[in-house]
Each structure stands twice: as C-alpha cells, then as structure tokens.
Amino acid sequence: MPAISFFTESVKYNLPQKLKVKKWIKATIEKEGFELKELNFIFCSDEYLLGINQQYLNHDTYTDIITFDNSDEEKEIVSDIFISIERVNENAKTFGTNEFDEVCRIMVHGTLHLLGYKDKGKAAKTLMTQKEDEYLAYRSEAGLI
C-alpha cells in the first residue's frame, strides 16, 4: 500500500493538515506519471541535516533539504526526504511567506527531484521553480489544502 509518512529527528515539529498534504503530494506524483510506493519526510534540525550532508554527500554546508531516492524501479517512488525546519523558518522570513507554505514548497521541491527535475543550471532551475509554483497552486485548486 502506498504510504507517505512524517517523522522528526532532533526537533519538535508538527506538520499541519497531514492528510491533505499526503493527498496533495500523492496527486503531484501521479500527475507526473509516477507510482507512489513509500515516501518518508523527516523533519530535523540544521545540525542533524548537516551531519547527513557531511556523511553521505561529503558537503560541509547547511541546506534545507536532502532527498534520497531509494527506488529500484523506474517511475516508482521510494524515498526519504530530510528537511531542516530551521532552514524552512529562515527561508520563510527571507521570502516573506509563512512557515506552512514554505515547508510545502520544500516538500514539493524534494518530490520533484524524485520525478526527474533538476535545479543545477539556469534553465533547469527555472523549470524547477515553475513546477514548484504549479504544484503549490494545485493544492488549493484541487481542494487539497
């Protein structure tokens, strides 16, 4: 059975509207022609995500998200997505939005990576941002959030 789960590591965080967020993320995956198998969102601290970045990617920098694609089959989603709640809060302030909208943007960003979208290079980054905006708008259009 396809599952989207939410966990926390080293932070206290309670994602609002969990069931609606699950429907929205699942709908995003299906609209792109993929099948959801298992998707875990792990909300964590800057330091926790820095440790993952250092250990698995050999990067010594803070980041807002790291996506691990654990899929064995094409067009299937099996993944762990780690999100720094501290970076989300900082991003929300920087971009003048609220925490919930920013966490949704980060969640769909990670999901889009699993769907084959990249964000390295100007053209890829532009397309990624367009897709983020499209799916963020879709959550209210579809009555999902």
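Residues numbered from 1 in each chain as written. Predicted model: local features only at pLDDT ≥ 70, side-chain atom pairs only at ≥ 80, totals over all residues. Heavy atoms only, no water.

Let us now look at the pattern of salt bridges. In this structure the tally under the stated criterion is 8 salt bridges. In this structure, the salt-bridge partner of Arg105 is Glu132, at a minimum N-O distance of 3.4 Å. Here Arg105, found in helix α4 (residues 99-114), pairs with Glu132, found in helix α5 (residues 122-141); they are 27 residues apart in sequence, far enough to count as distant. Given the relative accessible area of 6%, Glu132 is considered buried. Three or more residues joined by partner-sharing salt bridges are found here, namely Glu32, Lys131 and Glu134. (Salt bridge = Lys/Arg side-chain N within 4 Å of Asp/Glu carboxyl O. Helix = DSSP H or I, 4+ residues; strand = E, 2+ residues; numbered from the N terminus. Buried < 20%, exposed > 50% of the residue type's maximum accessible area, 1.4 Å probe, protein only.)

So, on to the nonpolar core. The tendency in soluble globular proteins is for nonpolar side chains to be buried as a group. Of all hydrophobic cores here, the largest spans 36 residues; its most connected members are Trp24, Phe41, Phe43 and Met107. Within the residue set of this core, elements represented by two or more residues are β1 (3-9), α1 (18-31), β2 (35-44), β4 (76-84), α3 (85-95), α4 and α5. If one sorts the elements of this core by residue count, α4 sits on top with 8 residues. Apart from the residues lying within four places of it in its own chain, the contact partners of Trp24 are Cys104, Val108, Tyr135, Leu136, Tyr138, Arg139, Leu144 and Ile145. If you look at the next biggest cluster of nonpolar residues, it comprises 6 residues, including Ile42, Cys44, Leu49 and Ile52. (Core = buried A, V, L, I, M, F, W, Y, C linked by side-chain atoms within 4.5 Å. Contact = heavy atoms within 4.5 Å.)

According to UniProt, the positions carrying the feature "binding site: Zn(2+)" (unreviewed entry) are His109, His113 and Asp119. Looking at the element boundaries, His109 is found in helix α4. A relative accessible area of 11% places His109 in the buried class. Setting aside residues up to four positions removed in sequence, His109 forms contacts with Ile65, Asp119, Met128 and Glu132. Secondary-structure assignment places His113 in helix α4. Excluding residues that lie within four positions of it along the chain, His113 makes contacts with Lys118, Asp119 and Met128. Within the local environment of His113, its side chain forms a polar contact with the side chain of His109, the two groups lying 3.1 Å apart. (UniProt positions renumbered as here; feature names shortened; annotations may be inferred. Polar contact = N/O pair within 3.5 Å; in protein donor to acceptor, adjacent residues only side chain to side chain.)

Below, the discussion takes up the environment of Leu15. Topologically, Leu15 is positioned in the loop between β1 and α1. The spacing of Leu15 and Ile106 is 91 residues in sequence and 13 Å in space, taken between C-alpha atoms. Once residues lying within four places of it in the same chain are set aside, the contact partners of Leu15 are Phe6, Val21, Phe43, Phe100, Val103 and Met107.

Turning next to α4. Here α4 spans 23 Å end to end across 16 residues, near enough to the 22 Å set by a 1.5 Å rise per residue. Burial analysis of α4 places 13 of its 16 residues in the buried class, the great majority of the element. Structurally, the start of α4 carries an N-cap: the backbone nitrogen of Phe100 is 3.1 Å from a side-chain oxygen of Asn98. Among the residues trailing α4, Gly116 stands out with phi positive, at a value near 100°. (Expected span 1.5 Å × (residues − 1).)

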